[in-house]
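Observations on the three-dimensional arrangement
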Amino acid sequence: MKRRAHLLTSFALLLVTVLPVLNTGGASAAPPIAQSDRPKLDVPYVPTPRHIVDKMLELAAPTADDYLIDLGCGDGRIPITAAQRFGTRGLGVDIDPRRIVEARQNADEAGVTDKVEFRQEDLFQTDISQATILTLYLLPSVNIKLRPRILKELRPGARVVSHDWDMGDWRADQEVKLGNKKIFMWVVPASVEGRWQLSDSETGRSFALTLKQRYQDVEGEADIDGQQVPLQNARIQGDRISFELPGENGDVRRYEGRVAEQVIEGEGWQAKPLT
Ligand SMILES: C[S@@+](CC[C@H](N)C(=O)[O-])C[C@H]1O[C@@H](n2cnc3c(N)ncnc32)[C@H](O)[C@@H]1O
């Protein structure tokens, strides 16, 4: 209840302080639309302050090889800034046509229309699968609603950056506080939960591996000669997995690998799904 009250007051305050400033007209003001034609917003329009945009992009570390999608893009400032500074291609979607008019105009003024595209669209319908960076300034409930799609549809290693709101029990990989603002960053983890057969050409061992996963946290055990041996220091980051197992001579064998389609590949070892 307390958190909900905080959310409502934060947005209400911003609406009262920011919207009148934005509505004072100027060259980039979008034409008014009739009240009856206004789309139903799942999140009110509150632009991210410029210094927060900068920090969000610092955390996402975009390059010219990335593709950034901003869901609920407002005036397009996040994809436009990424395109201007880093040559990042991007897409912004917003359900409000006035925001799309503004965003396109801003992209034009910034000289990045060859890099960014803006579409009037419901963010819940947007295909996010190609994003290597997803930026959000939405609401906690909207983040939570998007969470299963983010984990399923984005490729492992994609970065998700959210202004102000977290993702419930999916712990952020990085969290930054700037004044009373927060920025969260997650790296989408590969999905590894299940049973695997690991063949280790370095030690000549082959054994079954059972992995349990909760977001970026992974644990598991290896079935070695009928003994269940827990994995040590198991970790997953994007498409990279690492863990340790005791070796045969009391030493520690460290496994580091990359998760790909139906295989985990490391140097001198490989694991394939057990059906
Ligand atoms: C808090 S603003 C964020 C704007 C921009 N991303 C930024 O950070 O400056 C949220 C935006 O989401 C848009 N929005 C709300 N519901 C939406 C929906 N269902 N689909 C797409 N956009 C939506 C609003 O029009 C608004 O522009």
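Our structure's up above, just so we're on the same page.
Conventions adopted
- Residues numbered from 1 in each chain as written.
- Predicted model: local features only at pLDDT ≥ 70, side-chain atom pairs only at ≥ 80, totals over all residues.
- Heavy atoms only, no water.
- Phe/Tyr/Trp six-rings, centres within 6.5 Å; stacked < 30°, edge-to-face > 60°.
- Helix = DSSP H or I, 4+ residues; strand = E, 2+ residues; numbered from the N terminus.
- Buried < 20%, exposed > 50% of the residue type's maximum accessible area, 1.4 Å probe, protein only.
- Pairing = 2+ DSSP bridges.
- Axes fitted to C-alpha atoms, helices over the stretch in contact; angles between N-to-C directions.
- Near = heavy atom within 4 Å.
- Polar contact = N/O pair within 3.5 Å; in protein donor to acceptor, adjacent residues only side chain to side chain.
- Areas by Shrake-Rupley, 256 points an atom, 1.4 Å probe, with all protein chains shown as cover.
- Core = buried A, V, L, I, M, F, W, Y, C linked by side-chain atoms within 4.5 Å.
- Contact = heavy atoms within 4.5 Å.
- Salt bridge = Lys/Arg side-chain N within 4 Å of Asp/Glu carboxyl O.

**Digging into the packing of aromatic side chains**
For the structure on display, the rule yields 7 aromatic pairs. Where Trp170 meets Tyr215, the ring centres are 5.9 Å apart and the plane angle is 15°; that geometry is what we call stacked. You can see Trp170 sitting in the loop between strand 5 (159-163) and strand 6 (174-178) and its partner Tyr215 sitting in the loop between strand 9 (205-214) and strand 10 (217-224), a full 45 residues away along the chain. A residue is classified by how much of its surface remains accessible, and Trp170, at 1% relative accessible area, is buried. For Tyr215, a relative accessible area of 12% puts it in the buried group. Geometrically, the ring pair formed by Phe243 and Trp269 is edge-to-face, given 5.9 Å between the ring centres and 70° between the ring planes.

**Topic: the sheet that holds strand 3 (residues 116-120)**
A sheet is described by the order of its strands in space; here 7 strands give the open sequence 3-2-1-4-5-7-6, paired in mixed fashion. Edge positions in the sheet fall to strand 3 and strand 6, since each of these pairs with one other strand and no more. Strand-to-strand, the axes of this sheet are offset by a mean angle of 15°, without reference to chain direction. Of the strand pairs in this sheet, strand 1 (residues 67-71) and strand 2 (residues 89-94) are connected by 5 bridges, and their pairing is parallel.

**Notes on the site of the ligand**
Not every one of the 22 residues close to the ligand is listed here, only the nearest: Asp42, Thr48, Gly72, Asp94 and Leu123. Within the side chain of Asp42, a nitrogen or oxygen atom sits 2.7 Å from a nitrogen atom of the ligand. Contact between the ligand and Asp122: a nitrogen atom at 3.1 Å from a side-chain N or O atom of the residue. Isolated, the ligand exposes 600 Å² of accessible area, and the fraction of that covered by the protein chains is 100%.

**Observations regarding the environment of Ala61**
With respect to the element layout, Ala61 can be found in the loop between helix 2 (50-60) and strand 1. Put simply, Ala61 and Arg159 are 98 residues apart on the chain and 8.9 Å apart in space, counted from C-alpha to C-alpha.

**Thoughts on the nonpolar core**
Core analysis: the largest hydrophobic core is formed by 30 residues, its most contacted members being Leu71, Leu134, Leu136, Leu146, Ile150, Leu154 and Val160. Mapped by element, the contributors of at least two residues to this core are strand 1, strand 2, strand 4 (133-136), helix 5 (140-153) and strand 7 (181-187). Ignoring any residue separated from it by four or fewer positions in sequence, one finds Leu154 in contact with Ile128, Ala131, Leu134, Arg149, Val160 and Val188. If you look at the next biggest cluster of nonpolar residues, it comprises 21 residues, including Val218, Ala222, Val229 and Ala271.

**Here's the deal with the environment of Glu153**
Along the chain, Glu153 falls in helix 5. We classify Glu153 as partly exposed; its relative accessible area is 31%. Considered as a pair, Glu153 and Val188 are 35 residues apart in the sequence and their alpha carbons are 9.7 Å apart. If we skip the residues at most four places from it in the chain, Glu153 touches Ile128 and Ser129.

**Details of the pattern of salt bridges**
Taken as a whole, this structure holds 23 salt bridges when the rule is applied. With a closest N to O distance of 3.2 Å, Arg119 and Glu117 form a salt bridge. When the shortest N-O distance is used, the salt bridge between Glu175 and Lys182 registers 3.9 Å. What makes Lys182 partly exposed here is its relative accessible area of 29%. One network of salt bridges, with partners in common, ties together Asp96, Arg98, Arg99 and Glu102.

Read these as spatial facts, not as claims about activity.
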